[in-house]
Amino acid sequence: MLLQELTHRPLWDFELSAIYLAEGFVVSGKRGVRYYQARSLTNRAADLTALLDSMGQGIQTIEAANVGIEKATSLLEQMTSIANQAGTIAKIPSKEDIAQQLGENGA
């Protein structure tokens, strides 16, 4: 019997009540109330632990997305800089520029 195997150490009411239930005994009175309260609190703690894990995963996902956005922003800034430099170097002349250049050359 399970109850006889565990008599070498002190048991909490929760453990003892669980053993009584496993052995087929009825648990009632204060011991029964304590057992079901402890069981309810244990289940609630497990639920909260799962929720905490989910929140941690959500935070990691948001942090990874933030890093991706920062990298994309940096790349876009570099591309804008390169495009601005290219526009300054190879400026497409307007009609006024062409007329001014022709006038300077004496044509």
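Throughout this description, residue numbers start from 1 for each chain and increase along the sequence as written. Restriction of local features to residues with pLDDT of at least 70 applies here, the model being predicted, together with a cutoff of 80 or more for giving and counting side-chain atom pairs; totals for whole chains, interfaces and linings are based on all residues. With hydrogens and water stripped out, all remaining heavy atoms of the structure feed into the side-chain values.

*Asks:* Provide a residue-level description of the overall build of the protein chain, including the pertinent values.
*Replies:* Under the scheme used here, helices are H or I runs from DSSP no shorter than 4 residues and strands are E runs no shorter than 2 residues, and both carry numbers assigned from the N terminus. Within the protein chain one finds 4 helices and 0 strands. Going from N to C terminus, the protein chain has its helices and strands arranged as α-α-α-α. A buried classification covers 7% of the 107 residues belonging to the protein chain. Residue exposure ignores everything except the shown protein chains as possible cover, and the areas themselves are Shrake-Rupley values with a 1.4 Å probe. For the protein chain, the exposed surface amounts to about 9100 Å²; the carbon and sulfur share of it is 61%. Note on classification: 1.4 Å probe, protein chains only; a residue is buried when its accessible area is under 20% of the maximum for its type, exposed when over 50%, partly exposed between these limits.

*Asks:* If you had to explain a nonpolar patch on the surface to someone new, which residues and values would you point to?
*Replies:* On the surface, a cluster of nonpolar side chains totalling about 290 Å² of accessible area is made up of Leu-48, Leu-51 and Met-55. Inspection of the secondary structure assignment puts Leu-51 in helix α3 (residues 29–89). What makes Leu-51 partly exposed here is its relative accessible area of 47%. Surface patches are defined over residues having more than 30% relative accessible area and no salt bridge, joining like charges when they lie within 9 Å and nonpolar side chains (Val, Leu, Ile, Met, Phe, Trp, Tyr) when within 5 Å. Between Lys or Arg on one side and Asp or Glu on the other, a salt bridge is scored when a side-chain nitrogen of the former is within 4 Å of a carboxyl oxygen of the latter.

*Asks:* How would you summarise the confidence of the model for the protein chain if you had to cite specific residues and measurements?
*Replies:* A score between 0 and 100, pLDDT records how confident the predictor is in each residue. Looking at the protein chain as a whole, its pLDDT mean stands at 79, while 67% of the residues score no less than 70. Mean pLDDT across the elements of the protein chain ranges from a minimum in helix α1 (residues 2–5), with 49, to a maximum in α3, with 89.

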